[in-house]
Amino acid sequence: MTDTPKNEAQDAAEKPDYKDTVFLPKTAFPMKAGLANKEPAILERWENIGLYQKLRESRKEAEKFILHDGPPYANGNIHIGHALNKTLKDLVVRSQSLLGKDAPYVPGWDCHGLPIEWKIEEQYRKKKRNKDEVPPSEFRAECREYADKWVDVQREEFKRLGVMGEWDKPYLTMDYHAEATIVSELLKFAESGQLYRGAKPVMWSPVEKTALAEAEVEYEEITSTQIDVAFEITAAPNAPKLQELIDAGEKIHAVIWTTTPWTIPVNQALAYGADIEYGLVEAINVEELKGKKFFIARKLLSAFNERLDKQYDTRVLLNGIVMLQGSELAGAMAKHPMADKFPDSDFYNKPRPFLNGSSFVTTEAGTGLVHMAPDHGEDDFTLCKANGINPVFAVDGDGVYREDWAWLPRGDERAGSVINKKFTAKDGPICSDLRETGALLSAADDFQHSYPHSWRSKAKIIYRCTPQWFVPMDRSTQEGDETLRQKAVKAIADTRFVPEKGRNRISSMVEGRPDWVLSRQRAWGVPIALFLDRKTGNYLNDSAVNARIIEAFKTGGADAWFNADHQEFLGDAYNLDDYDIVTDILDVWFDSGCTHVFTLESDIWPSQSWKADLYLEGSDQHRGWFQSSLLESCGTRGEAPYKALLTHGFTMDKNGKKMSKSLGNTIDPKKIINVNGADILRLWAASVDYTEDHRIGDEILKGVTDTYRKLRNTFRYMLGGLSDFDESERIDPSDMPELERYILHRLALVDAQLKEHINNFAFGPYMRTLSSFAQDDLSAFFFDIRKDCLYCDAPSDPKRRAYRSAMDILFHALTRYIAPVLVFTAEEIWQSRFPDDNDSIHLKVWPEIDAAWQDDALNDKWAFIREARVAVTEAIEPLRRDKIIRSSLEAEVQYPLQDLPISSEEFTELCIVADLTDGALSVTKTEHYKCGRCWRLLPEVSEDGDLCGRCEDVIYG
RNA sequence: GGGCCGGUAGCUCAGUUGGUUAGAGCGCACCCCUGAUAAGGGUGAGGUCGCAAGUUCAAAUCUUGCUCGGCCCA
């Protein structure tokens, strides 16, 4: 079993066993953590002693640090992204609190919105109920209940992560007081003239007669009718070659191609690409096309030709006439193909301008000229709007042209829904009419492409302009005032960004964003509580009315708007018959943009105050919450609701790929908590560089667990070494040996670094500084050297007392340092040494480091000594490998003593070797015998197993 | 397709205004200890700094292109 020589074994048997006289570390603190089991009990204890309230009490007079929580959506279990986000917030809150500040944390939830509406609708579908037949108040009540349920679930999950906060009183965007605040903020925008009614194309389902969100849309392959339509060019002032021909009476036609023939009746303009090359061609061998000249992008000529070939069932020969650059089309005008057919229609007889659409017009497909229907496309809408062309709302909600429309109006026997395949087919009414006027160059019902459909009805959807409410970005409320955009840009400049690159990102977004669309045609949200004057179309702006609305919301929530007697809001001054009631609800981003108002400014949470010191969210929130809060606050208060913004990246799988259910590479935080413990997940969050995208996976978690184990054992060793430590034993640092003073100096440096990291929210560097101090300075150096002293010196020995006193200082400091990260372990450690039912490590403040501990001269000296020590250990290694010596205690070292700033005795101890003599660095095996108690090999020991002088003194006094 | 961000040992990260042989911790391999013991100590092997070109006496670092990945838009 062992190769121990027989005589040695016999000798050992004859010598007394001194083990019981050695002062080994004693602790009940287990090496194995068992966090998954232990953590829930610790949580329960915190709850029982009211830790959060105790902490508030103890920081009552302290400087505040307000981290305002960005609300997660109350739907579904938490995922790894939530875990990272909430952990980082908790790290900030706890570390600021550790620094002595009062850092309350009020968590919140985002409760309104589409996803919850869907869930309820889905339940209705299962029960075969029709949503439209359910009273809005009932529907909304079910949404509320659903959100409540998920708030409860997520709350438990967050608590289990060790996140400390006011969980009993979170903020919910659906709380009545919140809804009242949201509507009151909206009315501030209204009262200050920062609200207008405009139009915008939205995805619309003619079957459900409702607007759809992106997520309600699915794409499917379908076959559509593709047509080429000729628009006669009537003027081209910047294209002399064209203008000449026009003046000469030639018929020149711009050719456009579309797969939505139903948009031709609503065409209002044509778009070209300024850098695209165009050519004018004529068809020379087809009777129907004779005498016409076609204008088209050169690159797309052959594709156009093929369509003509098919149309006329022959090889159509096209003859080029002139070429020109797209930019020459500036100022050109065309005529709608139906102009002559409807001579009384102003709409069809207005000239169609050529607009510069370089940002979206390509030569990938079509003709390089795009027909613009601002009612039915985003590019169309934006470009037309910029050129003063407004939508005409020709298509009704059910997809039929409105009654008073000139071409194919509702009521016409050929009228139909624009998503009806027959209506748009090559033989349908649109194509037939165009053909009659000679404008239809080709039509084929054969174009396959993917097209959006309603997720619910599976019917085709269209883009359709609808009236919406907007907050203007570039309007001054009063002469000389800054616009919202200007205020927001300024507020960004006044904000601290961690990391700094976030500033750039949100700036460019705010600088370029369009007006804020506030309205949604939905049910589950805060209504845009406005009265529209039927005659003028303006909203009623009366603060007395608004005050009544806000009051009603406070007591009855947003339902007040849907259930109320609206005349009561209006009072005696107005007659309800003169007004339309707006039933749109607010964009949920407006809700969340108001959280700073109803949380920080509310008296419900006296601990909170405006403005927040920090908002902390994922980088996607530059467009989301950071921005909605910024715009809301700038619109109502003229400045940002936060002093600093911290953004984190996203958590990827072990290969750096995004996690998704379909890839099956998601990692469930709950699983990590239940297997490894929340402290491991927290340590992971504190280790990665959260400012970038970062990874998680088994290997990474194993590394985190290893780091944790090392740390835990360092604490376990300290707990053992400090068992029964008594105040009477304490020695003042100024009286300690140099080694202790050097370590306290290191502690002072580390302490300063850690503090700086905390104030930069740099948790990765924080943990690395801490771990490497525990590993390199303590475990591998200080503790290793002082093991002999701790185990074998007399308890009254000043050296041992000094060591234990230093260790006590380290213990107090280190337990505090790890507390914000390893919240459970820190408590376990603390309670293990200082059991107290009413106490907690999390009530403590940052350790006090005596400025006198820092001693740079000592540092330089000991840096040199440590290098010498490394040289010695390196020199020992070959002998160990050759089995000449085993323990370093058997090594006798020669070292040039004149180089050493300390005595050879001290250096012997530091190197944990037998003896040290002067000479060039070399190592041999010592001749000395081993003390039976302390195992050191010393000249005074005459035989293995005998006691050395020190040990004899310790045992026999 | 556009804007912004990133790619350094197996893993997590350092790497200052370009300047010796690109570092640390963990892991791994080997050794020691068996009185921190499912611990502790020591030594060592690992890198074309995503790829390519350019600027320069000198590039992980500056420039350009490409590539891979991410967020936000379209």
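These notes cover the structure that comes with them. Since the structure is predicted, the reported quantities are computational estimates derived from the model, not experimental observations.

Calculation notes
Numbering of residues starts from 1 in each chain and follows the order in which that chain's sequence is written. Each chain gets a letter, beginning with A, and each ligand a number, beginning with 1, in the order they are written. Residues qualify for local features only when their pLDDT is at least 70, as the model is predicted, and side-chain atom pairs are given and counted only at 80 or more; totals for whole chains, interfaces and linings, by contrast, use all residues. No hydrogens and no water enter the side-chain calculation; it runs on all heavy atoms of the structure. Between any two strands, pairing holds if DSSP finds at least two bridges. Runs of E in the DSSP output that reach at least two residues are strands. Runs of H or I that reach at least four are helices, and both are numbered from the N terminus. All axes here are fitted lines through C-alpha atoms, helices being fitted over the stretch that makes contact, and every angle between N-to-C directions spans 0 to 180 degrees. Throughout, a contact is declared for two residues whenever any of their heavy atoms are within 4.5 Å. Under the rule applied, a polar contact is a pair of N or O atoms within 3.5 Å (in protein, one hydrogen donor and one hydrogen acceptor; residues adjacent in sequence only if both atoms are side-chain atoms). Any angle that is under 35 degrees is reported as roughly parallel, and any over 145 degrees as roughly antiparallel; angles of 65 to 115 degrees are reported as roughly perpendicular and all others as oblique. Helix crossings fall into two classes, left-handed where the near helix is turned counterclockwise from the far one by less than a right angle and right-handed where it is turned clockwise. Gly counts as polar in this scheme, as do all residues outside two lists: the nonpolar Ala, Val, Leu, Ile, Met, Phe, Trp, Tyr, Cys and Pro, and the charged Asp, Glu, Lys and Arg. Points on a 1 Å grid, built from protein atoms alone, make a cavity when a 1.4 Å probe fits but cannot get out and make a pocket when they are open with protein on both sides within 12 Å along at least 5 of 7 lines; residues with an atom within 4 Å of a point are the lining residues. Grid points are joined across faces, edges and corners, and a volume is the space filled by probe spheres set on the points. Working definition: with a 1.4 Å probe on protein chains only, accessible area under 20% of the residue-type maximum means buried, over 50% means exposed, and in between means partly exposed. In this scheme, a helix's expected span is set at 1.5 Å multiplied by one less than its residue total. For this purpose, a residue is taken to be near a molecule or strand whenever a single non-hydrogen atom of the residue falls within 4 Å of it. Centre distance within 6.5 Å is the pairing criterion for rings of Phe, Tyr and Trp, where only the six-membered ring of Trp is used; planes under 30 degrees apart are then read as stacked, over 60 as edge-to-face, and the remainder as tilted. Charge over a ring is defined by NZ of Lys or CZ of Arg lying within 6 Å of the ring centre and within 35 degrees of the ring normal. For this analysis, a salt bridge means a side-chain nitrogen from Lys or Arg found within 4 Å of a carboxyl oxygen belonging to Asp or Glu. For this text, the term disulfide refers to a pair of cysteine sulfurs within 2.5 Å.

**Regarding the sheet that holds strand E28 (residues 915–918)**
Two orientations exist for strands paired in a sheet by backbone hydrogen bonds: parallel and antiparallel. Taking strand neighbours across the sheet as the criterion, the 3 strands line up as E28-E27-E29 in an open arrangement whose pairing is mixed. Of all strands in the sheet, those bounded by a partner on one side alone are E28 and strand E29 (922–925). Across the sheet, the mean angle from the axis of one strand to that of its neighbour is 25°, orientation sign disregarded. Where strand E27 (residues 891–895) meets E28, 4 bridges bridge the pair, whose relative direction is parallel. Directly across from Glu 892, in E28, lies its bridge partner Asp 915. Sitting on the sheet, helix H30 (residues 856–881) touches E27 and E29, and the angle it makes with E29 is about 50°.

**A word on the environment of Thr 595**
Tracing the sequence through the fold places Thr 595 in helix H20 (residues 595–600). C-alpha separation for the pair Thr 595 and Thr 181, spaced 414 residues apart in sequence, amounts to 9.0 Å. Residues contacting Thr 595, with those up to four places away along its chain left out, are His 68, Pro 71, Tyr 171, Thr 173, Leu 600 and Trp 625. There is a polar contact of 2.9 Å between the side chain of Thr 595 and the side chain of His 68.

**Re the packing of helix H26 (residues 763–785) against helix H28 (residues 798–818)**
At a closest axis distance of 12 Å, the pairing of H26 and H28 adopts a crossing angle of 160°. It follows from the interaxial angle that H26 and H28 lie roughly antiparallel. As for the relative orientation of H26 and H28, their crossing is left-handed in sense. Across from Tyr 766, Leu 770, Phe 773, Leu 778, Phe 782 and Phe 783 in H26, the residues of H28 making contact are Tyr 803, Ala 806, Met 807, Leu 810, Leu 814, Tyr 817 and Ile 818. When the residues that make up the contact of H26 with H28 are grouped by side-chain class, the tally is 13 nonpolar, no polar and no charged.

**Focus: the sheet that holds strand E23 (residues 612–618)**
Within the open sheet, the 4 strands sit side by side as E1-E23-E24-E17. Their pairing is parallel. Each of the sheet's edge strands pairs with one partner strand only, and the pair in question is strand E1 (67–68) and strand E17 (496–498). For E1 and E23, the ladder comprises 2 bridges, and the chain directions are parallel. Its bridge partner being in E23, Leu 67 is matched across the sheet by Leu 614.

**So, empty space enclosed by the protein**
The tally for this structure, following the rule as stated, stands at 2 cavities of 30 Å³ or more. Here the largest cavity is characterised by a volume of approximately 150 Å³. The wall of the largest cavity is formed by 15 residues, among which Ser 224, Thr 259, Trp 262, Thr 424 and Lys 460 lie closest to the centre. The set of elements that each furnish at least two residues to the lining of the largest cavity consists of strand E6 (217–235), helix H12 (421–424) and strand E15 (440–454). Per-element accounting of the lining of the largest cavity gives the leading share, 4 residues, to E6. Residue classes in the lining of the largest cavity are distributed as 6 nonpolar, 7 polar and 2 charged. Of the volumes computed, that of the second largest cavity is approximately 80 Å³. What lines the second largest cavity is simply Leu 55, Arg 59, Arg 94, Ser 97, Leu 98, Met 164, Ala 819, Pro 820, Ile 841, His 842 and Lys 844.

**Description of the environment of Ser 442**
Within the fold, Ser 442 resides in strand E15. Residue classification places Ser 442 among the buried residues on the basis of a relative accessible area of 4%. C-alpha separation for the pair Ser 442 and Tyr 615, spaced 173 residues apart in sequence, amounts to 58 Å. Residues within four places of Ser 442 in sequence aside, it is in contact with Gln 226, Ile 227, Asp 228, Arg 307 and Gln 311. Here the side chain of Ser 442 touches Asp 228 through a polar contact of 2.8 Å, side chain to side chain.

**Quick word on helix H6 (residues 136–160)**
Between its first and last C-alpha, H6 extends 36 Å over 25 residues, near the 36 Å set by a 1.5 Å rise per residue. Gly 162 occupies a position one or two residues after H6 and carries a positive phi of about 90°.

**Things to note about the protein's contact with RNA strand B**
Contacts to RNA strand B come from 51 residues, most closely from Asp 689, Asp 693, Arg 716, Arg 768 and Tyr 791. Counting only the atoms of RNA strand B within 4 Å of the protein, the fraction contributed by sugar and phosphate is 80%. Taking Arg 505, its side chain carries an N or O atom lying 2.8 Å from a sugar or linking oxygen of RNA strand B. Residue Lys 883 places a side-chain N or O atom 2.5 Å away from a phosphate oxygen belonging to RNA strand B. In terms of residue class, the surface near RNA strand B is made up of 14 nonpolar, 10 polar and 27 charged.

**As for the packing of aromatic side chains**
Here the structure, examined in full by the defined rule, presents 39 aromatic pairs. Taken together through their ring pairs, the aromatic side chains of Phe 342, Phe 347, Tyr 348, Trp 405 and Trp 407 make up a single cluster. Across the ring face of Phe 158, the terminal group of Lys 86 is positioned such that the distance to the ring centre comes to 4.5 Å. Sitting over the face of the ring of Trp 935, Lys 930 holds its NZ or CZ atom 5.2 Å from the ring centroid.

**Structural notes on the pattern of salt bridges**
Considering all chains together, one arrives at 67 salt bridges under this definition. The salt bridge involving Lys 293 is made with Glu 282; its shortest N-O contact spans 3.6 Å. Taken as a pair, Lys 293 in strand E10 (residues 292–297) and Glu 282 in strand E9 (residues 277–283) lie far apart in primary sequence, 11 residues in all. Classification of Lys 293 by relative accessible area gives buried; the value is 8%. A residue is classified by how much of its surface remains accessible, and Glu 282, at 23% relative accessible area, is partly exposed. Notably, a salt bridge pairs Arg 833 with Asp 808, separated by 2.6 Å at the nearest N-O pair. With Arg 833 in helix H29 (residues 823–833) and Asp 808 in helix H28, the pair connects residues that are 25 residues apart, well separated along the chain. The pair Arg 833 / Asp 808 is uniform in exposure class, with both members buried.

**Things to note about the packing of helix H14 (residues 484–493) against helix H15 (residues 501–512)**
Between H14 and H15, the least distance of the axes is 10 Å, while the angle of their chain directions is 175°. Classed by the angle they form, the pair H14 and H15 counts as roughly antiparallel. Contacts between H14 and H15 involve Arg 485, Ala 488, Val 489, Ile 492 and Ala 493 from the first element and Arg 503, Ile 506, Ser 507, Val 510, Glu 511 and Gly 512 from the second.

**With respect to the pairing of E9**
For E9, the tally of buried residues reaches 5 of 7 residues, placing the bulk of the element in the interior. Direction of pairing for E9 relative to E10: antiparallel, over a ladder of 5 bridges. When the sheet's bridge partners are listed, Val 281 is paired in E10 with Phe 294.

**Some words on the state of the cysteines**
Within the structure shown, the criterion is met by 0 disulfides. No disulfide involves Cys 384; its sulfur sits 9.6 Å from that of Cys 465, the nearest cysteine. In this model Cys 948 remains outside any disulfide bridge; the closest cysteine sulfur is found in Cys 951, 3.6 Å from its own.

**Comments concerning helix H25 (residues 738–759)**
End to end, H25 covers 32 Å across 22 residues, agreeing with the expected 32 Å (1.5 Å per residue, within 8%). Positive phi shows up at Phe 761, right after H25, with a value of about 55°.

Note that every value here comes from positions in space, so none of it alone points to a role or purpose.
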